[in-house]
Amino acid sequence: MVMAWRFGAVGVDAVMAVIQDPSTFADWMAGVPPQVRASPNWPQKGSVVQRYDGQEPRMRHAQNRHLTVALVERWRPEDELILRLRSGLGGWVRIWISVHARPGGAIIEVRAEPLSATARLRFSSSSRNAEERCAQVAERLIELATTEPVEED
């Protein structure tokens, strides 16, 4: 398992709001395609994120499990998201995102654990890369949580 954490001058609620917004998933999660869509019940347990090319899947592709990018295993709106993420070689990685309040902000902790043989092979050969991706997730969440909404005139 690899882990990275970052401190940001953001509130836990702001970070959890970013995670809860399905339209931001590809913005904060490292290593996913840019075009994805989440289940309507995102991020409740069992909800999925799938690749999306703008067309509805039809006929035999309507239930194509290879389109699944992530599956939520646990969601605690106050501080935690655990999901399974499809790795580049078709394996699965469990991702834990925990947010802890601290004076002046919050610590975002991101852990990754390979679940399949192909994912373990990648992790063993490039654990530093996995640690960098965990750090990227934390940094992106901080960045998105600190972004002020632009007011329209």
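None of these values were measured; they are calculated from a predicted model.

### Quick notes on unusual backbone geometry
Link 1 in the chain: Here the amide bond leading from W42 into P43 is cis, since omega sits at 0 degrees, within 30 degrees of zero.
Link 2 in the chain: Checked against the element boundaries, P43 lands in the loop between strand 2 (36–38) and strand 3 (48–51).

### Here's the deal with the side chain of T68
Link 1 in the chain: Inspection of the secondary structure puts T68 in strand 4 (residues 68–76).
Link 2 in the chain: Ignoring anything within four residues of it in the chain, the contact list for T68 reads V48, V49, Q50, R86 and W92.

### Re the packing of aromatic side chains
Link 1 in the chain: Under the criterion given, the structure shown has two aromatic pairs.
Link 2 in the chain: For the ring pair F25 and W28, a centre distance of 5.2 Å and an interplane angle of 75 degrees mean the geometry is edge-to-face. Of this pair, F25 and W28 are both found in helix 2 (residues 25–28), three residues apart, which corresponds to roughly one turn of the helix. For the residue pair F25 and W28, the accessibility class agrees, reading buried in each case.
Link 3 in the chain: Geometrically, the ring pair formed by F25 and W42 is edge-to-face, given 5.4 Å between the ring centres and 80 degrees between the ring planes. With a gap of 17 residues between them, F25 in helix 2 and W42 in the loop between strand 2 and strand 3 connect regions that are remote in the sequence.
Link 4 in the chain: By relative accessible area, which is 1% here, F25 ends up buried.
Link 5 in the chain: A network of ring pairs unites the aromatic residues F25, W28 and W42 as a single cluster.
Link 6 in the chain: Sitting over the face of the ring of W96, R111 holds its NZ or CZ atom 5.0 Å from the ring centroid.

### Quick notes on the nonpolar core
Link 1 in the chain: Membership of the largest hydrophobic core comes to 40 residues, with the highest contact counts inside it found for F25, W28, M29 and I97.
Link 2 in the chain: Secondary structure elements with two or more residues in this core: strand 1 (2–8), helix 1 (12–20), helix 2, strand 4, strand 5 (80–86), strand 6 (92–102), strand 7 (105–114) and helix 4 (127–146).
Link 3 in the chain: Per-element tally for this core: the top contributor is helix 4, with eight residues.
Link 4 in the chain: Setting aside residues up to four positions removed in sequence, F25 forms contacts with V32, V36, W42, V49, A70, L83 and L85.

How each quantity is defined
Residues numbered from 1 in each chain as written. Predicted model: local features only at pLDDT ≥ 70, side-chain atom pairs only at ≥ 80, totals over all residues. Heavy atoms only, no water. Helix = DSSP H or I, 4+ residues; strand = E, 2+ residues; numbered from the N terminus. Contact = heavy atoms within 4.5 Å. Phe/Tyr/Trp six-rings, centres within 6.5 Å; stacked < 30°, edge-to-face > 60°. Buried < 20%, exposed > 50% of the residue type's maximum accessible area, 1.4 Å probe, protein only. Lys NZ or Arg CZ within 6 Å of the ring centre and 35° of its normal. Core = buried A, V, L, I, M, F, W, Y, C linked by side-chain atoms within 4.5 Å.

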